[in-house]
There are 2 protein chains.
Amino acid sequence: MKEAKEFLAECYNENPRLKKYPLSEWESALEKEKLQLSSFRGKYFFRLNKEFKGFQAGTVFGKNFFVPGYPSIPRIFVLKTGIKRYLEYPFYAEEKIEGYNIRLAKVEDEIFTFTRRGFVCPFAYDRYADFLPRLPEFFDRSPNVVVCAELAGPENPFVSEFPPQVKEDVCFFVFDFYDTEKGVFLAAEEKLKLLKEYDFPHPEIFGPLAPDKDYEKLRSLIFRYHREGREGLVFKTEGAGRRVKYVTPYSNLADLKVVFPYLGEVDPNFVSLRLIRLLLGIHEFPELKDEVMAEVGRYMFEEALKSLSLDQPSYEIFRLRFRDEANFLALLSHFKQTRVNIEVLEKRWEGSYLRVAIKKIYPRATQFWRSKLEGWGEVD
Amino acid sequence: MKEAKEFLAECYNENPRLKKYPLSEWESALEKEKLQLSSFRGKYFFRLNKEFKGFQAGTVFGKNFFVPGYPSIPRIFVLKTGIKRYLEYPFYAEEKIEGYNIRLAKVEDEIFTFTRRGFVCPFAYDRYADFLPRLPEFFDRSPNVVVCAELAGPENPFVSEFPPQVKEDVCFFVFDFYDTEKGVFLAAEEKLKLLKEYDFPHPEIFGPLAPDKDYEKLRSLIFRYHREGREGLVFKTEGAGRRVKYVTPYSNLADLKVVFPYLGEVDPNFVSLRLIRLLLGIHEFPELKDEVMAEVGRYMFEEALKSLSLDQPSYEIFRLRFRDEANFLALLSHFKQTRVNIEVLEKRWEGSYLRVAIKKIYPRATQFWRSKLEGWGEVD
């Protein structure tokens, strides 16, 4: 703890963003474990494990960098009234990609890949260069910008769902640039310019749009996305303006399908929230009513029925490719640290990639279904 | 408070059941509002609002009576393994009736009708004589027995679902006799004898049964109940033995149908619990799989879609008949006390019955759906 405190004091002296609050406040956050010392590849940094004053959970900083947590985006349930309530001309609609949020930032002489919670994701660290090869060049010119991307695809370590356009492996979809000096996201025009200039893969972006004129356009888009198995849209006004998101009925159905076998591991609201969104979805898209009503049962129950078993625990298999075995080991140690139960099923080199298959075992889901299958009762 | 304390001391002196704990403990429960003074038709009694030592919430007592709270019965999710785990020969399977639990007990010179929570239900008080006309005679012979019944039917004030065999009005289904002196439920043989002798309506009762031999019989029964739109079964071993319950897939579907328009008023687990039961139901009854998967969406969404509206609040209409207008007024005042928002839509005498229609308005459900329809967003 003494070392952490010393390092905190050094960071405080050199990092102007910390001076917003007195050192003693930061020290008290450290004592309360809101602020935690973390490290990756021999570099130390702090991560906010919980919200602290004006800073969000997931904020990370060291002596020479400060990356704020990625803000939560409120979800609207009805497109028609929601866009009018929150947005104004000009706003942009971007495809919402089913994956996980990674903030790529320059930390001293390296590029680190921070998860939403502020850990460095060793998988993202291993692979970003495959998809964003011109990122070093980008950071040479803009060392104080954070590149925000969704890491998505069938071969990622955290999320079972993936966008239809990624047929194998993964991809990094860059959706925001955050200027840490000005404290804003770059405006759409500049973002589009940079995405093109550095050839960064990105979600579909539509706009500029007006809330009172473009409802039908967005409605058709959501309808097409539903058909194509895409997740939804994020609406962004410029700079520090409002942002909201909206998901397709398909996305809710797919969530129900993947989560049902693992009930007991997730928040009990997970299921009802998706059903509520589906109901409001078919209220706004009556042309999808018959389809959703007929199919939702199959989405909830079909896979889950197959997985009900007394003989083996609830698990999911994730397949991944790594450039560097050390990053795979770092991922395993991340899982150990966050108490995720892992079994390595396969590990072999294929060309320049280490191909691995890991099994995540879900003890709470196992116990949840097993006790019921074994005939145990519950008072409700 | 002083009067309540004096009355408590009087009860303590005269009622031997209270002596299990010192008076000071009861007084402390009163101070903590675990124990509350209640009254009906000028008679005072105490009700336990929360569990207190060995006594359950819903326990009621006065100077000369003591009615323990009706015990919670654990639910099993799988019939096959559940009956083997909890039951032994001889046990009985009784139809579980969809309604609400009423304990009828002799209080001085009157018969009171206590709800699960220990209030006197003015509706049950008004109507029991229509369905249990020989109850006074029963209590003359057995003043220390509590008659436990389910009040069920399309015209009850609390529950929107009802058993298929009650086509109009309500009925009292007697399912237990509790001997307050011996502290046990009467055994099946004695119960069946009394039900017959006093001509009390009751649920279907099957038995004696053996857990290792009668699974197929119970399975067929549940299958028939599902088809007939019945709720399920309660399994009871004799006397102080174990009890468990099991519900049909139909019951879960019907619960989803009635609750969906009123989400926001109920525990968020309500929906997922029923879906979990449905999944385990079709695991055990694969012959119902296709039907349940195809129909569950319609049960959840069809009525709820119709009720989505910005123009009027979420509500339900209940129709009731009373013998005595004073009991209707007492019910209204019960709703007021328990903060249920009521509007009287209709009130007219028809023969010897006052026929009433009341509208229950659900402010939380109204707000829940309205805010979403109005386009408000939420962070999840």
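Please read all numbers here as calculations on a predicted model, not as lab measurements.

Trainee: Mind showing me how you'd approach the domain arrangement of chain A here?
Mentor: A common way to report how large an interface is uses the accessible area buried once the components associate. In terms of domains, chain A is made up of domain 1 (2–62), domain 2 (79–245), domain 3 (249–307) and domain 4 (315–373). On a C-alpha basis, the centres of domain 1 of chain A and domain 4 of chain A stand 30 Å from each other.

Trainee: Is there a simple way to explain the environment of A:Ile73 in this structure?
Mentor: Residue and element names in this part refer to chain A. Positionally, isoleucine 73 belongs in the loop between β4 (66–67) and β5 (75–76). The exposure class of isoleucine 73 is buried, given its relative accessible area of 10%. When the C-alpha positions of isoleucine 73 and lysine 191 are compared, they lie 19 Å apart, and in sequence the two are 118 residues distant.

Trainee: What is the right way to read the interface of chain B and chain A from this model?
Mentor: The partner chain A presents 49 residues to the 49 residues of chain B that form the contact. Between chain B and chain A, roughly 4,400 Å² of surface is buried when both sides are summed, and carbon and sulfur atoms account for 72% of that area. Broken down residue by residue, the surface that chain B buries against chain A is led by B:Leu279, B:Met293 and B:Phe301, which jointly contribute 15%. If you look at where chain B meets chain A, you find four salt bridges. Between A:Arg277 and B:Asp380 there is a salt bridge, with the nearest N and O atoms lying 3.1 Å from each other. The interface formed by chain B and chain A holds 14 residue pairs in polar contact (both at pLDDT 80 or more) in total. Along the lines of polarity and charge, the residues of the side of chain B that touches chain A split into 30 nonpolar, nine polar and 10 charged.

Trainee: What is the right way to read unusual backbone geometry from this model?
Mentor: What is expected of a backbone is that most residues other than glycine have negative phi and most peptide bonds are trans. Of note, the bond from A:Tyr89 into A:Pro90 is cis; its omega dihedral lies within 30 degrees of zero at -5°. If you trace the backbone, A:Pro90 turns up in the loop between α3 (79–86) and β6 (91–96). B:Gly207 connects to B:Pro208 through a cis peptide bond whose omega is 0°. Note that B:Pro208 resides in strand β12 (residues 205–209).

Trainee: Sorry if this is basic, but what is going on with the sheet that holds strand β16 (residues 341–350) of chain A here?
Mentor: Hydrogen bonding along the main chain pairs the strands of a sheet, whether they run parallel or antiparallel. Residue and element names in this part refer to chain A. In spatial order, the strands read β15-β17-β16; together these three strands make up an open sheet with antiparallel pairing. Both outer strands of the open sheet, β15 (315–322) and β16, are each paired with one neighbouring strand and no more. The sheet shows a mean angle of 15° between the axes of neighbouring strands, taken without regard to direction. Here eight bridges tie β15 to strand β17 (residues 353–361), and the two strands are oriented antiparallel to one another. Within β17, the position partnered with phenylalanine 318 by the bridge is isoleucine 358.

Trainee: Looking at this structure, I do not really get the relation of the copies chain B and chain A. What am I missing?
Mentor: The pair of chain copies shares a relation made of a rotation about an axis and a shift along it. In the superposition of chain B on chain A (RMSD 0.0 Å, axial shift 0.0 Å), the rotation amounts to 180°. The superposition of one copy onto the other is thereby described by a two-fold rotation axis. Ranked by how close their C-alpha atoms come to the rotation axis, the residues of chain B are headed by B:Ala294, at 2.7 Å. Both copies share a contact surface, since 100% of the interface residues of chain B are interface residues in chain A too.

How each quantity is defined
- Residues numbered from 1 in each chain as written.
- Chains lettered and ligands numbered in written order.
- Predicted model: local features only at pLDDT ≥ 70, side-chain atom pairs only at ≥ 80, totals over all residues.
- Heavy atoms only, no water.
- Domains from an automatic or database assignment.
- Helix = DSSP H or I, 4+ residues; strand = E, 2+ residues; numbered from the N terminus.
- Buried < 20%, exposed > 50% of the residue type's maximum accessible area, 1.4 Å probe, protein only.
- Contact = heavy atoms within 4.5 Å.
- Buried area = accessible area lost by both parts, 1.4 Å probe.
- Salt bridge = Lys/Arg side-chain N within 4 Å of Asp/Glu carboxyl O.
- Polar contact = N/O pair within 3.5 Å; in protein donor to acceptor, adjacent residues only side chain to side chain.
- Nonpolar A, V, L, I, M, F, W, Y, C, P; charged D, E, K, R; others polar.
- Pairing = 2+ DSSP bridges.
- Axes fitted to C-alpha atoms, helices over the stretch in contact; angles between N-to-C directions.
- Least-squares fit on C-alpha atoms with pLDDT ≥ 70 in both.

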